[in-house]
Amino acid sequence: MDKWMNSPWFIRIFSLLLALMIYVSVNIETQSNSTSRNTVGQTDIETVTDVPVVAYYDQENLVVSGIPQSVNVMLEGPKSIVTPTKLQRDFEVYVDLSKLPIGTHTVPLKYRNISEKLRVTIDPATITVTIDERVSKDFPVEVDFINKSQIADGYSPEQPIVKPNIVKVMGAKTLIDKVALVKARVDLKGVEETIERESKVTVYDKEGNVLPLDVEPSIVDITVPIKSPSKTVPLKIERKGTLREGLSIVKMEVIPSEVTIFGPKAKIDEIEFITGIEIDLSGITSNTTLQVDVPVPKGVKAVDPAKVTILIEVEQEKERTFYNVPIEIIGLNDAYKAEFINPIDQNMTLTALGAQRVLNAIQLQDIEVYLNVSELGIGEHNVPIEVNGPQNVRWKLPQKEATIRITRNES
């Protein structure tokens, strides 16, 4: 091996390879330096848009207005620096207000983290800012109804419930001093039942302009009770069966005697009274108190109260006789006249059966005895005798029918 390395041919070949390597190395370095000089020598101009502006001040105690959200920055210089600076956007545009007093100031925008080899132009270069004391104040939230006139027919809103009903308004003292109203809005279009809504809180001055202030919380919960159309109607109590022999009802009292129904106006306007409450008299042997549900008519939303109390007072049945009670004729056409055949004197004796207190209160004018002849023509007729009198009384008649003759009225 040593003999081969000492050979003249090895030395010649090694020298040639070494010379080639030195030539290539020098040539590459020359080209690199040439390229570098060409790149550095190129000047470029680029504009970076929408660069955010950072403001430095005491944000806890001060409020600043007039700071733009973003600006445009023009970069001028070597392309090798301009291009990565624009792409990376790791520089900052800022304004330092930390040493300025309360008031209005014109201040320059500054930048940092940009190479000193670049020429930087910020648009706008200066801004006018107003520094004010930051304060907070509590205000009640009022509710503003939208489309109140378009609420469902007959319905109306009642006092709204706002949670929370007091909010904290924060911002510049000059603006806080202008606050006149703090409102949340609720749309009532087509509403016909209680609604619950979330609503944004807005702050207004006395001219109705919206003030740019922070509100905490900015959203409140609003409940608006909606008053339904209503109507007061009586209850009609239906009786089933009969009392045990020898008993009579002194009074049947419903407490309350009337209830309020709620629902669409067109529907409740049709209802004059509520039916469907039935009392079985056959099971009553003494004074009784009942609690019953009030039926809700079809189409009605609610009835208030939902239950009523029925007081039933009973006593032993007694009798009282009424003499010479006149018999009236109703339903007779003016073209005709009627003549009594039996009873000929147009009077009769009645016996009333009921509780003694009820019987004692009856006056003769409280009793109506009549014949209904509205569907009868000329001739003799046997007509059922009907009696109308105080409630909770039965009537015994000496005869069930009266005989009359109907003739044309010559006069």
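Residues numbered from 1 in each chain as written. Predicted model: local features only at pLDDT ≥ 70, side-chain atom pairs only at ≥ 80, totals over all residues. Heavy atoms only, no water.

## Quick word on the environment of Pro212
Reasoning step 1: Inspection of the secondary structure assignment puts Pro212 in the loop between strand 14 (195-204) and strand 15 (214-216).
Reasoning step 2: Considering only alpha carbons, one finds Pro212 and Thr202, 10 residues apart in sequence, at a separation of 9.1 Å. (Helix = DSSP H or I, 4+ residues; strand = E, 2+ residues; numbered from the N terminus.)

## Examining the nonpolar core
Reasoning step 1: Counting 28 residues, the largest nonpolar core has Val167, Val169, Val182, Val203 and Leu213 as its most contacted members.
Reasoning step 2: Within the residue set of this core, elements represented by two or more residues are strand 12 (166-172), helix 4 (173-176), strand 13 (181-187), strand 14 and strand 16 (219-224).
Reasoning step 3: Residue contacts for Val203: discarding those within four places in its chain leaves Val169, Val179, Leu181, Val182, Asn209, Val210, Leu211, Leu213 and Val215.
Reasoning step 4: If you look at the next biggest cluster of nonpolar residues, it comprises 25 residues, including Leu243, Ile268, Val294 and Val314. (Core = buried A, V, L, I, M, F, W, Y, C linked by side-chain atoms within 4.5 Å. Buried < 20%, exposed > 50% of the residue type's maximum accessible area, 1.4 Å probe, protein only. Contact = heavy atoms within 4.5 Å.)

## What about the sheet that holds strand 21 (residues 274-280)?
Reasoning step 1: Overall, mixed pairing links the 4 strands, which are arranged 21-18-20-23 in an open sheet. Unpaired on one side and paired on the other, strand 21 and strand 23 (302-304) mark the two borders of the sheet. Going across the sheet, the axis of each strand differs from the next one's by a mean of 40 degrees, ignoring polarity.
Reasoning step 2: Bridge count between strand 18 (residues 230-240) and strand 21: 5 bridges; the pairing is parallel. Paired with Arg239 across the strands is Ile279, a residue of strand 21. (Pairing = 2+ DSSP bridges. Axes fitted to C-alpha atoms, helices over the stretch in contact; angles between N-to-C directions.)

## With respect to the domain arrangement of the protein
Reasoning step 1: Here the domain parsing of the protein yields domain 1 (43-133), domain 2 (141-227), domain 3 (230-316) and domain 4 (318-408).
Reasoning step 2: Computed from C-alpha coordinates alone, the two centres of domain 2 and domain 3 are separated by 44 Å. (Domains from an automatic or database assignment.)

## Brief notes about the environment of Phe139
Reasoning step 1: Within the secondary structure layout, Phe139 lies in strand 8 (residues 126-140).
Reasoning step 2: Note on Phe139: relative accessible area 11%, which makes it buried.
Reasoning step 3: When the C-alpha positions of Phe139 and Gln291 are compared, they lie 49 Å apart, and in sequence the two are 152 residues distant.
Reasoning step 4: Those residues within four positions of Phe139 in sequence are excluded, and the remaining contacts are Asn165, Ile166, Val167, Val169, Ile176, Val179 and Val182.

## Remarks on unusual backbone geometry
Reasoning step 1: For the bond running from Lys163 to Pro164, omega is -10 degrees, close enough to zero to count as cis.
Reasoning step 2: By the element assignment, Pro164 lies in the loop between strand 11 (161-163) and strand 12.
Reasoning step 3: Following Asn342, the chain continues to Pro343 via a peptide bond in cis, the omega torsion being 0 degrees.
Reasoning step 4: Note on placement: Pro343 falls in the loop between strand 25 (336-342) and strand 26 (347-355).
Reasoning step 5: For Asp50, which is not a glycine, the phi torsion comes out positive at approximately 55 degrees.
Reasoning step 6: By the element assignment, Asp50 lies in strand 1 (residues 43-56).
Reasoning step 7: Located in the positive-phi region is Asn324, a residue other than glycine, with phi close to 50 degrees.
Reasoning step 8: Within the secondary structure, Asn324 sits in strand 24 (residues 307-330).

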